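Listed below are the residues making up each chain.
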Amino acid sequence: MDHLRPVEPADPSPVDGPAGPDLVDLLRRCGRADEAAFAQLYDATAARIHGLAVRVVRDPAQAEEVTQEAFLDIWRTAGRYDPAKGSPLAWLLTITHRKAVDRVRAAEAATRRDLTYHHQNQPVEHDSTAEAAQASLEAHRVRGALAHLTEVQREAVTLAYLGGYTHTEVATMLDLPVGTAKTRIRDGLIRLRDALGVGS
């Protein structure tokens with residue numbers, strides 16, 4: 001496991017199921033330090049994991065690093081995977097999403113540190129203050145509107161629009177058929193629109 005191969009373009013075929021490898025078995029074997037199983041797991045899931053990293057960090061070089069960090073974490077923690085708590089793909093994507101969000105937050109913190117001096121020494125214009133107040137009010141309205149959704153709608157909408165997951169990934173993470181996940185997201189968005197008072 002000294003060197004991970006570059007991520008190949010996404011393969012549209014399923015990574016688990018009748019046509020794909022048994023990810024549960026591969027994770028169990030990885031938990032026993034089986035490097036061949038890890039290589040198979042990597043080949044089966046790297047495109048999906050890298051795709052999620054790209055969507056969250058929006059920088060190909062950073063996404064490559066996130067992908068590598070995610071696989072290192074997967075290698076170290078594979079023995080902790082419990083099939084009773086969710087699908088293997090959802091577990092892998094959750095680790096990746098966490099790593100990607102951490103990377104985005106670290107980059108944002110670095111940017112804030114770099115800009116702090118300049119912002120402290122610049123006069124605050126009235127318009128920028130008004131814009132900041134408006135953005136804060138909008139965020140407050142959205143948070144309040146989310147409270148009007150059912151728990152299942154809020155969970156699906158949050159994963160799709162705040163988490164950056166696709167409908168298929170949301171379905172996998174919530175252990176639902178894709179159609180049910182799409183319905184929850186659609187119904188949640190309609191309810192959110194109504195709560196915000198946005199015209200239809």
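Residues numbered from 1 in each chain as written. Predicted model: local features only at pLDDT ≥ 70, side-chain atom pairs only at ≥ 80, totals over all residues. Heavy atoms only, no water.

(A) Local environment of the side chain of glutamate 169. Its place among the elements puts glutamate 169 in helix 7 (residues 167-173). Owing to a relative accessible area of 2%, glutamate 169 belongs among the buried residues under this scheme. (Helix = DSSP H or I, 4+ residues; strand = E, 2+ residues; numbered from the N terminus. Buried < 20%, exposed > 50% of the residue type's maximum accessible area, 1.4 Å probe, protein only.)

(B) Spatial organisation of a nonpolar patch on the surface. Taken together, the side chains of Tyr161, Leu162 and Leu189 present a nonpolar region at the surface, about 330 Å² in accessible area. Take tyrosine 161: it is sitting in helix 6 (residues 151-162). (Patch = residues over 30% accessible without salt bridge, like charges linked within 9 Å, V, L, I, M, F, W, Y side chains within 5 Å. Areas by Shrake-Rupley, 256 points an atom, 1.4 Å probe, with all protein chains shown as cover. Salt bridge = Lys/Arg side-chain N within 4 Å of Asp/Glu carboxyl O.)

(C) Summary view of the pattern of salt bridges. Evaluated as defined, the whole model comprises 8 salt bridges. In this structure, arginine 103 engages glutamate 65 in a salt bridge whose closest nitrogen and oxygen atoms are separated by 2.7 Å. On the criterion of sequence distance, the pair formed by arginine 103 in helix 4 (residues 88-120) and glutamate 65 in helix 3 (residues 60-77) is long-range, its members being 38 residues apart. Residue classification places arginine 103 among the buried residues on the basis of a relative accessible area of 17%. A residue is classified by how much of its surface remains accessible, and glutamate 65, at 39% relative accessible area, is partly exposed. The network of salt bridges with common partners includes Asp25, Arg29 and Asp34.

(D) Structural view of helix 6. The end-to-end C-alpha distance of helix 6, which contains 12 residues, comes to 15 Å, matching closely the 16 Å that a straight helix rising 1.5 Å per residue would cover. Those residues of helix 6 not exposed but buried are Gln153, Ala156, Val157, Leu159 and Ala160. Here the buried residues of helix 6 occupy an arc of 165 degrees about the axis, which is enough to place them on one side. Along helix 6, the residues that are exposed and aim more than 90 degrees away from the buried face are Glu151 and Leu162. With its phi angle positive at about 80 degrees, glycine 164 sits one or two positions after the end of helix 6. (Expected span 1.5 Å × (residues − 1). Arc of directions from axis to C-beta.)

(E) Local environment of the packing of aromatic side chains. Evaluation of the coordinates by the stated rule reveals 4 aromatic pairs. Here the aromatic rings of phenylalanine 38 and phenylalanine 71 are separated by 6.0 Å at their centres, their planes lie at 85 degrees, and the arrangement is edge-to-face. With a gap of 33 residues between them, phenylalanine 38 in helix 2 (residues 35-57) and phenylalanine 71 in helix 3 connect regions that are remote in the sequence. Like phenylalanine 71, phenylalanine 38 is buried. (Phe/Tyr/Trp six-rings, centres within 6.5 Å; stacked < 30°, edge-to-face > 60°.)

(F) Quick look at unusual backbone geometry. Its identity is not glycine, yet arginine 58 carries a phi of approximately 60 degrees, on the positive side. Relative to the helices and strands, arginine 58 is located in the loop between helix 2 and helix 3. Phi is positive for aspartate 175, which is not a glycine, with a value near 55 degrees. One can find aspartate 175 in the loop between helix 7 and helix 8 (178-196).

(G) Structural context of the confidence of the model for the protein. With 82% of its residues at a pLDDT of 70 or more, the protein has an overall mean of 83. Scored below 50 in pLDDT, residues 9-14 shows 4 contacts in the model against residues more than four places distant or in partner chains. (pLDDT = per-residue confidence, 0-100. Contact = heavy atoms within 4.5 Å.)

(H) Fine view of helix 3. When the terminal C-alpha atoms of helix 3 are compared, their 25 Å separation across 18 residues agrees well with the 26 Å that a helix rising 1.5 Å per residue should span. Every buried residue belonging to helix 3 is among Ala63, Val66, Thr67, Ala70, Phe71, Asp73, Ile74, Trp75 and Thr77, and all of these are buried.

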